[in-house]
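Here is how the chains run, residue by residue.
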Amino acid sequence: MSEIRSGIEEALDTLPKEYKEVLAADHEQLEAAEAAGKSSESSERHENHPASETGKDSDDHESTAATAPIDPTQKLVALTFDDGPSMYTEEILELLTSNDSRATFFMVGYNIEKHPERVKLVLDAGCEVANHTSGHKDLSDISRSAIESEVYDNERLLNEAGAEGRLLLRPPYGLTNDTVKEVVKRPMINWSVDSRDWKTKDAASTVAEVKKNVRDGRVVLMHDIYKSTVEAVKELIPWLKSEGYRLVTVSELYEARGEELKDGHVYRYTYSAEEYEKDITERKKS
Ligand SMILES: [Zn+2]
């Protein structure tokens with residue numbers, strides 16, 4: 001199987017250290033925006049369909065496009081949103097549900113603590129909640145016990161907020177080492193397409209970056225803490241659908257293509273439909 005995939009070019013799956021400074025500044029900006037948005041937010045949000053309501057609606061139907069069985073021969077892509085939840089998460093959820101689409105949200109502890117109810121909104125929209133550690137520290141640079149608390153304390157926090165069971169982990173900055181792989185008894189999910197939304201904070205650039213690099217079976221990195229990312233998603237979801245992609249969660253993506261996610265391993269993309277079918281044929285031959 002790995003031989004078939006060896007043809008795929010090496011993709012960048014760590015973020016430059018530069019992101020550390022960027023994120024600290026972004027975090028302060030987000031806090032200010034959340035505080036400023038609080039008064040107008042409640043009245044504004046009620047006019048829209050809350051994601052949870054849309055989710056309830058879909059239960060009444062036999063099976064919507066989002067819940068229908070996934071055809072592994074269809075083009076699949078997993079959008080992922082890191083560093084939230086934030087005041088922008090709900091808008092992204094509305095865009096996903098109204099397009100019969102799903103995504104995965106890798107949440108960080110300090111933002112979950114502020115708004116644990118947002119975890120439930122993501123789940124109600126049929127999306128996947130995953131772990132992005134308590135404090136967004138570089139796991140390759142801290143002690144074993146610190147890694148454990150960063151990962152498992154945050155998983156516990158997410159469990160308490162309603163996301164049950166063992167959760168996928170995205171290590172901050174995509175950084176791991178042998179110790180991290182040994183200590184973290186969870187599959188670790190990096191990415192194969194960096195939208196660079198964190199760097200450009202520009203919707204048009206974010207859209208262009210994804211359009212240029214997206215392929216069947218890829219995992220796309222974005223952040224639900226920027227207004228520009230919401231704008232980008234508004235254009236990207238319909239475009240991806242028009243290109244024949246179905247937008248699925250990370251777990252759905254790997255399951256559909258028959259790749260088992262193993263604890264302590266790092267992943268960033270899976271088989272394309274073509275590779276998947278070729279592999280099935282080879283397996284039958286042997
Ligand atoms: Zn992050």
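Our structure's up above, just so we're on the same page.
First, a word on scope: everything that follows refers to the structure included in this document. (Residues numbered from 1 in each chain as written. Predicted model: local features only at pLDDT ≥ 70, side-chain atom pairs only at ≥ 80, totals over all residues.)

**Focus: unusual backbone geometry**
Phase 1 of the analysis: In the segment running from Gly 84 into Pro 85, the intervening peptide bond is cis, with an omega of 5°.
Phase 2 of the analysis: Along the chain, Pro 85 turns up in the loop between strand E1 (75-82) and helix H4 (89-97).
Phase 3 of the analysis: For Thr 133, which is not glycine, the phi dihedral falls at a positive 75°.
Phase 4 of the analysis: Examined against the element boundaries, Thr 133 turns out to sit in the loop between strand E3 (128-131) and helix H7 (144-160).
Phase 5 of the analysis: The residue His 136 is not glycine, and still its phi comes out positive at about 55°.
Phase 6 of the analysis: Inspection of the secondary structure assignment puts His 136 in the loop between E3 and H7.
Phase 7 of the analysis: By C-beta crowding, His 136 is classed as buried, having 23 other C-beta atoms within 10 Å. (Helix = DSSP H or I, 4+ residues; strand = E, 2+ residues; numbered from the N terminus. Buried ≥ 20, exposed ≤ 12 C-beta atoms within 10 Å, placed from the backbone.)

**Re the pairing of strand E6 (residues 218-223)**
Phase 1 of the analysis: Of all six residues that make up E6, six are buried, and the element is covered over most of its length.
Phase 2 of the analysis: Where E1 meets E6, six bridges bridge the pair, whose relative direction is parallel. Directly across from Phe 81, in E6, lies its bridge partner Met 222.
Phase 3 of the analysis: Sheet analysis places strand E5 (residues 193-194) next to E6, joined by two bridges and oriented parallel. Residue pairing in the sheet places Asp 194 in a bridge with Leu 221 of E6. (Pairing = 2+ DSSP bridges.)

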